[in-house]
Amino acid sequence: MDASERKLHHINTSSQLITPPVSSLLDEVFLLNDPVHACSPAAVDISTKFLGRVLKAPIIVSSMTGGIPEAATFNLALARMCVRHAIPMALGSLSPYLRDHDRIWGFDVKKSEPDLMLGGNIGAIAAADLELERLNHAMEALGLDFMFVHLNPLHELAQPEGDRHLHRAMDGIKRLLDWGRVPVLVKEVGFGLSKRSLDTLKESGVIWVDVAGSGGTSFLDIELSRPNHPDREVLEPFRTWGIPTAPAVMWAKEAGLRVIGSGGVRTGLDVARLLALGAQLAGVAAPWLRAWQDSGEEGMDHLYTVLETGLRYAMALAGAGTIKELQHVPRVLGDRLAQWV
Ligand SMILES: Cc1cc2nc3c(=O)[nH]c(=O)nc-3n(C[C@H](O)[C@H](O)[C@H](O)COP(=O)(O)O)c2cc1C
């Protein structure tokens, strides 16, 4: 598959793979019912600050796509939805555009939505050899406010044409941190970040991570859905590989990092659980795609409302009037999660 075919395969397949091979363990985070201190959901303050901007809700649209014609209408609909609800959006990997500026489909959303808070995305291995001039150009041409750099070793191994230079990833991250034109946030793509990785990132000067843990979209399942995958036998056992989202968030917080929790965030209650574990924002990817494919932009707005309302209900029931208070409410961890942490 070439890069464009692969991207199309990702958007056509990911929304169909509804049952993840493992749990995010967010269902092992129990916030406590607090009827004495319960508050009105409408009065709960869910606004938060992210990189100096005020967001109406602690939710970010995680990186998905761009660089193929099919991405243009989807990304524009996402951008409009984000502006309506004052939340940020991240683009999918910019690598097609960085190689060829004609491949701008879905990346130039700020042309019509200038108020959007927009993040770019690039692979850490690719960043190791990237001409920074190209990144400067992309930043200015697309109006990027921040940049995600992704670590995706299992995803690279799961692609027959994947990049095997996994040891170059930290070089790429350091290069981007030195570049320093916009805030650089490090993310996985759905297999999580270990304690050791998180400590190394922190020591290298990284401030923000998106743990993108397992329990949501699995890029291994996406790649294995290709017919006649040559490595199927080797890869099948790795379907349960990865660090679930809940423990990864707790470790990232412990490491002293600012945290976005993503990977299997599907409900407003999930968002509340992540925030209670110490995340500042919750990232959601595949559900937007599914909502758009099922019911267009209206479906995206509906999903946003479901997430926001669920978060308000969880905070109201747990007696947390603000996100800060939510981060300090008591919680009980289930056995499986307790074992991880
Ligand atoms: C269609 C699709 C494409 C994606 N492409 C990228 C990408 O280009 N770069 C990246 O860092 N993550 C990418 N991701 C991963 C997401 O940003 C996110 O980390 C992961 O899907 C977990 O979130 P979810 O369970 O809500 O889908 C993609 C996810 C999907 C569903």
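Residues numbered from 1 in each chain as written. Predicted model: local features only at pLDDT ≥ 70, side-chain atom pairs only at ≥ 80, totals over all residues.

> Can you help me understand the overall build of the chain in this one?
Of the regular secondary structure elements, the chain holds 15 helices and 12 strands. For the chain, the C-alpha radius of gyration of 19 Å lies close to 20 Å, the compact-globule estimate for 341 residues. In the chain, which comprises 341 residues, the share counted as buried stands at 48%. The long-range share in the chain, meaning contacts at least 24 apart out of those at least 6 apart in sequence, stands at 79%. (Helix = DSSP H or I, 4+ residues; strand = E, 2+ residues; numbered from the N terminus. Rg over C-alpha atoms; globule rule 2.2 N^0.38 Å. Buried ≥ 20, exposed ≤ 12 C-beta atoms within 10 Å, placed from the backbone. Contact = placed C-beta atoms within 7 Å.)

> What's the story with the site of the ligand in this structure? I'm lost.
In the vicinity of the ligand, 26 residues are found, and the nearest of them are His150, Gly216, Thr217, Ala285 and Ala286. Elements with a contribution of two residues or more to the shell around the ligand: helix H1 (3-13), strand E7 (146-150) and helix H13 (286-318). Among the residues forming the shell around the ligand, the class breakdown is 10 nonpolar, 15 polar and 1 charged. (Near = placed C-beta within 6 Å. Nonpolar A, V, L, I, M, F, W, Y, C, P; charged D, E, K, R; others polar.)

> Looking at this structure, I do not really get the pairing of strand E8 (residues 184-187). What am I missing?
In regular strands, side chains alternate between the two faces of the sheet. Because side chains alternate across E8, one face comprises the buried residues Val184 and Val186, and the other comprises Leu185 and Lys187, equally buried. Where E8 meets strand E9 (residues 208-210), 3 bridges bridge the pair, whose relative direction is parallel. In the strand pairing of E9, leucine 185 is matched with tryptophan 208. (Pairing = 2+ DSSP bridges.)

> Would you mind going over the environment of alanine 246 with me for this structure?
Within the secondary structure, alanine 246 is located in helix H11 (residues 245-254). Each C-alpha atom, one on alanine 246 and one on alanine 128, is 30 Å from the other, the two residues being 118 residues apart in sequence. For alanine 246, the contacting residues outside a window of four places in its chain are Ser24, Leu25, Leu26, Glu28, Val29, Leu277 and Leu337.

> For this particular structure, what's the right way to read the pairing of strand E6 (residues 118-123)?
For E6, the tally of buried residues reaches 6 of 6 residues, placing the bulk of the element in the interior. Here E6 shows no split at all, with Leu118, Gly120 and Ile122 on one side and Gly119, Asn121 and Gly123 on the other all buried. Direction of pairing for strand E5 (residues 89-90) relative to E6: parallel, over a ladder of 2 bridges. Note that in E6 the partner of methionine 89 across the bridge is leucine 118. Relative to E7, E6 runs parallel, the two sharing 5 bridges. Across the sheet, residue glycine 119 finds its bridge partner in E7, namely phenylalanine 146.

> Where do I start with the environment of arginine 290 in this structure?
As for its position among the elements, arginine 290 is in helix H13. Under the C-beta neighbour-count criterion, arginine 290 is labelled partly exposed, with 16 such atoms within 10 Å. Measuring from C-alpha to C-alpha, the distance between arginine 290 and isoleucine 11 comes to 9.3 Å, with 279 residues separating the pair along the chain.

> Could you clarify how one ought to interpret helix H12 (residues 268-277) in this entry?
An α-helical turn contains 3.6 residues, so a residue and the one three or four places further along point in the same direction. Counted residue by residue, H12 has 9 buried out of 10 residues, so it is predominantly covered. Where H12 is concerned, the buried positions are Gly268, Asp270, Val271, Ala272, Arg273, Leu274, Leu275, Ala276 and Leu277. Phi turns positive, to about 120 degrees, at glycine 278, one or two residues after H12.

> For this particular structure, what's the right way to read helix H2 (residues 71-85)?
Over its 15 residues, H2 extends 21 Å from the first C-alpha to the last, a length consistent with the 21 Å expected when each residue adds 1.5 Å. Where H2 is buried, its residues meet strand E4 (59-61), E5 and H13. Phi turns positive one or two residues past the end of H2, at alanine 86, with a value near 55 degrees. (Expected span 1.5 Å × (residues − 1).)

> Quick question: what am I supposed to make of unusual backbone geometry here?
Among all residues except glycine, the phi angle is most often negative; among peptide bonds, the trans geometry is most common. Unlike most non-glycine residues, leucine 25 shows phi in positive territory, near 65 degrees. In this structure, leucine 25 sits in the loop between H1 and strand E1 (29-31). Residue class for leucine 25 comes out buried when judged on the 28 C-beta atoms lying within 10 Å of it. Non-glycine residue alanine 212 carries a positive phi angle of around 35 degrees. Looking at the element boundaries, alanine 212 is found in the loop between E9 and helix H9 (219-224). For alanine 212, a count of 32 C-beta atoms within 10 Å translates into the label buried.

> I keep staring at the nonpolar core and nothing clicks. Help me out?
For soluble globular proteins, nonpolar side chains are generally found buried alongside one another. By size, the foremost hydrophobic cluster in this structure holds 108 residues, and its most contacted members are Leu78, Val149, Val209, Val249, Ala252 and Trp288. With 13 residues, H13 is the largest single contributor of residues to this core. Sequence-distant contacts of tryptophan 288, defined by excluding residues within four places in its chain, comprise Val61, Leu78, Met300 and Leu303. (Core = buried A, V, L, I, M, F, W, Y, C linked by C-beta atoms within 7 Å.)

> Whenever I open this one, the packing of H2 against H13 confuses me. Can you help?
Packed helix pairs are characterised by how far apart their axes lie and by the angle those axes make with each other. Packing of H2 against H13 leaves a shortest axis separation of 10 Å and a crossing angle of 15 degrees. It follows from the interaxial angle that H2 and H13 lie roughly parallel. Remark: the crossing between H2 and H13 carries left-handed chirality. Contacts from Phe74, Ala77, Leu78, Arg80, Met81 and His85 of H2 reach H13 at Trp288, Trp292, Glu297, Met300, Asp301 and Tyr304. Class assignment for the residues of the contact of H2 with H13 results in 8 nonpolar, 1 polar and 3 charged. (Axes fitted to C-alpha atoms, helices over the stretch in contact; angles between N-to-C directions. Parallel < 35°, antiparallel > 145°, perpendicular 65-115°, else oblique. Left-handed = near helix turned anticlockwise from the far one by under 90°.)

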